[in-house]
Amino acid sequence: MDAIYELGYSMLIARPEELHDFYRRHHKNVHLVVGEAGRDCIYNSACVYADFGDDSMNSMPVPPPNATHLNMPIWKVFYPNWWNQPAEPLGGPFTLSPEPYGIWPPPWNGGRDNFYLGYTVEPSCMNTPYIPPAQRPRQAYVFGKSLHYFGSPAYILFDEIGGIEASINDDFYVEFSQKENVTFLAGPFSLSDAPEGYTSPPRGIIQHERLPRPEFQKVVSNSRVMIGLGNPLLSPTPYEALCLGIPFINPFRPADKNDPKNKMKWEAQHDAFVYEGLDEPYVYHVKVGDREGFKAALRKAMSTPIERYIPPRMKSSAFLSRMETLLETDWRPVAKKQMQLVGYRYHS
C-alpha cells in the first residue's frame, strides 16, 4: 500500500459484489484492478470488455461486448497467486507473484511468465533495532506454525520409518541444548491437522506465547540463527530474519537421487534462496535427515555473525520500481496477445 501511495495513487477496497459498481463509478481514474474477487466477472461480457480499438476483434475468439465501455477493460484486471502457477484467465503477465518464478528450473517454473511484483520487508524490519551478535543470548529460533510440520517428509529431521511419533519423541534438541548451551525458542504451534494425542513439540523446544508482530520481531532479533522446519514454504519470515542479521537454516530434499548435489534439482523450504545462489553465511542448506549436517550448520551459524542483509530485489526501491511498472504500463497489447494464446472466451 505504501508504494501505491508513494507513486501518487489512491486505492479502493471493494467486496466481490461491489467490484463492478465501484469500477463504473470511478472508471476514469482506475489504472488497475487487483484481487481474487470477480472471477465470474472476468468471463462476463456485461462486466468486462476486450475491444482493442482495431479490427482484431474480427479474428478474436470472443464476441464483441454487449455493454458500454464502463465495463472493466480486461487488460486492467490482475490476479495475485502466491504459488508458482499462472492464474486464470489470461495467465502469466496478468498474474502477480511474490517471487521471481522465472529463475526456478523446469519442471517447477509454471509461473515463469508471471509478473514478479514481490514485496519488501525493509520498512518493518528496519523499525526493529539490530542487536549486535555479542549481546544476543545463545538462542536459536525454531520457525514454524503447526505441530504437524514435524510429521512432514520435508521436516529437517524427518524419520522415514518412525514418522511424526519418532520426530516428536526425538531428543535432538534437548541433547544439543545441554551440550552446546543453546536455547531453542518457538512460537505457539497450532494443533490443527496434528494427529490425535500430539500436543507439544520435541523436548528441548520452548514455546513463547502468541505475540503482536512488533514484539515477535523483537524476540526473533535476539536469536543467532533461525531454523526452518521444512514448512511453511516461501514465507516472508526468513527474509525478515536476514534483515535482522540472523542466518537461516533451509532444509532441502534432492529431487534426483542420482544427482543429489545439483542445486537445480533440489526442493527446499525456501526455493528462492537455492535458485538465487544465496549461501553461507546467510543461508545454510541442510539435507532433510542429515543430523550431523544440521548440527554443523547450527554451530557454524551461531558462531558466524552477519550484518543486516536484504536481497537487492527486496529493497523498497526495487519494489517501488516494479509497482510503477505495473501501474503505468499499457497492458492492452499484452492482453490482446494473451487472449489469443489462451483462447479466451466470454462465458456469458
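Structure shown above.
The rules behind these values
Residues numbered from 1 in each chain as written. Predicted model: local features only at pLDDT ≥ 70, side-chain atom pairs only at ≥ 80, totals over all residues. Heavy atoms only, no water. Helix = DSSP H or I, 4+ residues; strand = E, 2+ residues; numbered from the N terminus. Buried < 20%, exposed > 50% of the residue type's maximum accessible area, 1.4 Å probe, protein only. Contact = heavy atoms within 4.5 Å. Disulfide = S-S within 2.5 Å. Patch = residues over 30% accessible without salt bridge, like charges linked within 9 Å, V, L, I, M, F, W, Y side chains within 5 Å. Areas by Shrake-Rupley, 256 points an atom, 1.4 Å probe, with all protein chains shown as cover. Salt bridge = Lys/Arg side-chain N within 4 Å of Asp/Glu carboxyl O. Axes fitted to C-alpha atoms, helices over the stretch in contact; angles between N-to-C directions. Parallel < 35°, antiparallel > 145°, perpendicular 65-115°, else oblique. Left-handed = near helix turned anticlockwise from the far one by under 90°. Nonpolar A, V, L, I, M, F, W, Y, C, P; charged D, E, K, R; others polar. Core = buried A, V, L, I, M, F, W, Y, C linked by side-chain atoms within 4.5 Å. Pairing = 2+ DSSP bridges. Polar contact = N/O pair within 3.5 Å; in protein donor to acceptor, adjacent residues only side chain to side chain.

A. Local environment of the overall build of the chain. Tallying secondary structure elements over the chain gives eleven helices and 13 strands in all. Its C-alpha atoms put the chain at 75 × 45 × 40 Å along the principal axes. Put simply, the chain has 348 residues, and 49% of those count as buried. For the chain, the share of sequence-separated contacts (at least 6 apart) that also reach a separation of at least 24 residues comes to 68%.

B. Spatial organisation of the state of the cysteines. On inspection of all chains with the given rule, the structure shows one disulfide. Here C125 is linked by a disulfide to C243, with a sulfur-sulfur distance of 2.0 Å. Between C125 and C243 the sulfur-sulfur dihedral comes to about -100°; the bridge is accordingly left-handed. Of this pair, C125 sits in helix α3 (residues 122–126) while C243 sits in helix α7 (residues 237–243), and the two are 118 residues apart along the sequence. What makes C125 buried here is its relative accessible area of 0%. Overall, the relative accessible area of 1% leaves C243 in the buried class.

C. Quick peek at a nonpolar patch on the surface. Taken together, the side chains of M1, Y5 and I13 present a nonpolar region at the surface, about 380 Å² in accessible area. Tracing the sequence through the fold places Y5 in helix α1 (residues 2–6). The class of Y5 is partly exposed, set by a relative accessible area of 44%.

D. The packing of helix α5 (residues 172–180) against helix α9 (residues 291–303), seen in detail. Axis separation between α5 and α9 bottoms out at 12 Å; the angle between their running directions is 40°. Judged by the inter-axis angle, α5 sits oblique to α9. In this structure, the crossing between α5 and α9 has a hand that is right-handed. Counted together, F172, Y173, F176 and E180 of α5 and R291, F294, K295, L298 and R299 of α9 form the full contact between these two elements. A class-by-class count of the residues in the contact of α5 with α9 yields five nonpolar, no polar and four charged.

E. Spotlight on the nonpolar core. M72, I74, W75, M323, L326 and Y344 are the most contacted members of the largest nonpolar core, which totals 37 residues. When residues of this core are traced back to their parent elements, those giving at least two are α1, α2 (19–26), β2 (48–49), β4 (77–80), α10 (316–328) and α11 (332–342). Per element, the largest residue contribution to this core is four residues, and it comes from α10. Other than its neighbours up to four places away in sequence, M72 contacts L19, Y23, V33, C41, C47, V48, Y49 and V77.

F. Seen up close, the pairing of strand β11 (residues 248–254). Summarising burial for β11: six of the seven residues are buried, a large majority. Where strand β10 (residues 225–228) meets β11, two bridges bridge the pair, whose relative direction is parallel. Pairing of I227 across the sheet is with I249, part of β11. With three bridges connecting them, β11 and strand β12 (residues 266–268) associate as antiparallel partners. Its bridge partner being in β12, F252 is matched across the sheet by A268.

G. Looking closely at the pattern of salt bridges. Per the counting criterion, the structure on display carries 14 salt bridges. Residue D170 is joined to R291 by a salt bridge in which the shortest nitrogen-to-oxygen separation is 2.8 Å. A residue pair is termed long-range when its members are at least 10 positions apart, and D170 in the loop between α4 (163–168) and α5 and R291 in helix α9 qualify at 121 residues. Its relative accessible area of 35% is what places R291 among the partly exposed residues. Between E280 and K300 there is a salt bridge whose closest N-O contact spans 2.8 Å. With E280 in the loop between α8 (271–276) and β13 (283–287) and K300 in helix α9, the pair connects residues that are 20 residues apart, well separated along the chain.

H. The arrangement of the side chain of Q139 in detail. For Q139, the location among the structural elements is in strand β7 (residues 139–143). Within polar-contact distance, the side chain of Q139 engages the backbone oxygen of V219 at 3.3 Å. A distance of 2.8 Å separates the side chain of Q139 from the side chain of S223, its partner in a polar contact. Apart from the residues within four sequence positions on either side, Q139 is in contact with T183, L185, V219, N222, S223, R224, V225 and M302.

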